[in-house]
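Understanding the architecture of this molecule
The residues making up each chain are set out below.
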Amino acid sequence: ATYSWAIRAREIDQIEAGLLPNPEAQFEVENFAGSGTTRGIRASETTISLSQLIELGDKRMKRQQLASKDRDLARWDYEVKRVDLLSQVTIAFIEVLGNQERLQITKETNVLAQDIYDTVKKRVDAGKVSPLEEIKARVELSKSRLEKIKAERQLTISRNNLVALWGGSEVTFTKVVGDFSKVNTPPVLNAVVGKLKNNPDLIRWVTEMSRYQSAINLARAKTIPDVSISAAIRHLNDFDDFAAVASISVPLFLFNNKPPGVRRSNVELSQAIKQREVTELKISTALMTAYQRLQILFQEATTLHEEVLPSAEEAFNAAKIIYRSGKINLLDLLDAQRTYFEARQQNIDVIKEYHRLVVTIERLIGTSLFEDEDYITMEKM
């Protein structure tokens, strides 16, 4: 909203830049209140004149062009902020979605820890295992409860952060809905790099360069002197006659013909060209880094989903059955449980980071990474 008002302000500047200079009215009295023949107002001369500045070199048009570029830059600033905000909201949404998954895992861990504790207690009461195992199981149960409380607090914080992004002060929803586990294969690098042309920070530089060129054109126009013309009516009180007066004035530019303004504008253009190169390099480097990291996370997520999680779950289920038969001790069971749930936690962390990097890349390329839904363009329309 604040950036949209900035656009309105630049539009007003553009209107103002196109206005003609105001004419000037002048009232002048000469030869009065003197001595001798000029005593009183008998010999006075009264002149009423109108003067108008005539700008040469198309200065008004060039001011309008410069103001138009400033307005366009304000629009690009709005677009940059819009995409930034979309990215922030999406990342905040992903954070809530991931914390919901984490809380669900801690709840399941707590239920299983309770189940293991109950099983161990029965075996202790039956005299089949040492009371020490009951203490160990109770410790694991307490730890699972603490993890659940921690996950609930993290979820509350992430919900509040999401609500704050739309200006809210109170969470009025119970959960967010999304396909958190969906992990798409990243497109090939060339296809991703080809979308860099949509980055608003880069597109903005086209307008920025044009703006500097307009500033140079205006600075050159200012080296052309303007002309002021004046027309007046003079009353000669001594004869009670009227006469016409006309004048033209032109600045001589003897000591300052304003070439420093042109040189300054050229220097600013050269500086902007280097800044654009730096911006392009930073964005390209950031994109390459994020893309390589995304490839790694995709491989990690795939391996966790297809290999690690099924094996860890199978080992944990087998350990529960074997423990009940008394063929392994409690530590082996708890180790299998810990391995399984740590793998699930790792899977959530990897997927959450994967989605964050997708958003980061989409911010860099100014459009969706995948073709199924371009939410950035949809929002713009």
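Above this text is the structure in question.
Residues numbered from 1 in each chain as written. Predicted model: local features only at pLDDT ≥ 70, side-chain atom pairs only at ≥ 80, totals over all residues. Heavy atoms only, no water.

With that settled, the discussion passes to the overall build of the protein chain. Scanning the protein chain from terminus to terminus reveals eight helices and four strands. Put simply, the protein chain runs from its N terminus to its C terminus through helices and strands in the order α-β-β-α-α-α-α-β-β-α-α-α. If you line up the protein chain on its principal axes, its C-alpha atoms span 140 × 45 × 35 Å. The buried share of the protein chain, reckoned over its 381 residues, is 35%. Of the contacts formed within the protein chain by residues at least 6 apart in sequence, a portion of 77% connects residues at least 24 apart. Here the protein chain has roughly 22,700 Å² of accessible surface; of this, 56% comes from carbon and sulfur atoms. Positive and negative side-chain charges in the protein chain, numbering 52 and 52 respectively, have mean positions lying 3 Å apart. (Helix = DSSP H or I, 4+ residues; strand = E, 2+ residues; numbered from the N terminus. Buried < 20%, exposed > 50% of the residue type's maximum accessible area, 1.4 Å probe, protein only. Contact = heavy atoms within 4.5 Å. Areas by Shrake-Rupley, 256 points an atom, 1.4 Å probe, with all protein chains shown as cover. Lys, Arg positive; Asp, Glu negative; His and termini not counted. Charge placed at Lys NZ, Arg CZ, Asp CG, Glu CD.)

Our next topic: the pattern of salt bridges. Enumeration over the complete set of coordinates arrives at 24 salt bridges. With a shortest N-O distance of 2.1 Å, E95 and R356 are connected by a salt bridge. One end of the pair, E95, is in helix α2 (residues 59-125); the other, R356, is in helix α7 (residues 330-365), with 261 residues separating them in the sequence. R356 gets classed as partly exposed once you look at its relative accessible area, which sits at 26%. A single salt-bridge network, built from bridges that share partners, covers E11, R71, D72 and R75. (Salt bridge = Lys/Arg side-chain N within 4 Å of Asp/Glu carboxyl O.)

Bringing the packing of aromatic side chains into the picture now. Within a pair of aromatic rings, the relevant descriptors are the distance that separates the centres and the angle that separates the planes. Following the criterion strictly, the structure yields four aromatic pairs and no others. Taken together, the ring pairs in this structure connect F316, Y340 and F341 into an aromatic cluster. Here the guanidinium or amino end of R123 rests over the ring plane of Y323, the centre of that ring lying 5.1 Å away. Its guanidinium or amino end placed over the ring of Y212, R211 lies 6.0 Å from that ring's centre, counting from NZ or CZ. (Phe/Tyr/Trp six-rings, centres within 6.5 Å; stacked < 30°, edge-to-face > 60°. Lys NZ or Arg CZ within 6 Å of the ring centre and 35° of its normal.)

Before going further, it helps to spend a moment on a nonpolar patch on the surface. Taken together, the side chains of I54, L56, I224, I229, I248 and V250 define a hydrophobic patch exposed on the protein surface, amounting to about 480 Å² of accessible area. Among the secondary structure elements, L56 is positioned in the loop between β2 (45-54) and α2. Overall, the relative accessible area of 34% leaves L56 in the partly exposed class. (Patch = residues over 30% accessible without salt bridge, like charges linked within 9 Å, V, L, I, M, F, W, Y side chains within 5 Å.)

Grouped together as the largest cluster of nonpolar side chains are 35 residues, with contacts concentrated most on V120, F316, L330 and L333. Elements with a contribution of two residues or more to this core: α2, α3 (131-165), α6 (259-324) and α7. If near-sequence neighbours (up to four positions away) are discounted, V120 is found in contact with V129, E133, E134, A137, Y323 and L330. The next biggest cluster of nonpolar side chains, apart from the first, holds 21 residues, and it includes Y291, F298, A301 and I361. (Core = buried A, V, L, I, M, F, W, Y, C linked by side-chain atoms within 4.5 Å.)

We now examine the sheet that holds strand β1 (residues 24-30). Spatial strand order, β1-β2-β3-β4: four strands in an open sheet with antiparallel pairing. Of all strands in the sheet, those bounded by a partner on one side alone are β1 and β4 (241-249). Going from strand to strand, the sheet's axes swing by 20° on average, the running direction of each strand aside. Bridge count for β1 against β2 is seven bridges, and the pairing is antiparallel. Along β2, the bridge assignment pairs E24 with S51. (Pairing = 2+ DSSP bridges. Axes fitted to C-alpha atoms, helices over the stretch in contact; angles between N-to-C directions.)

The subject of this paragraph is the side chain of K59. Note that K59 resides in helix α2. The exposure class assigned to K59 is buried, which follows from its relative accessible area of 5%. With residues up to four places along the chain from it excluded, the contact list for K59 reads L218, A221, K222, I224 and D226.

As defined by bridge partners, β2 adjoins strand β3 (residues 227-236) across ten bridges and the pair is classed as antiparallel. Note that in β3 the partner of I54 across the bridge is V227. In the sheet, β3 pairs with β4 via nine bridges, with the strands oriented antiparallel. Among the inter-strand pairings, S230 is bridged to a residue of β4, identified as S247. Hairpin geometry of β3 and β4 is characterised by an intervening segment of four residues between the two adjacent antiparallel strands and by a positive phi of about 55° at D240.

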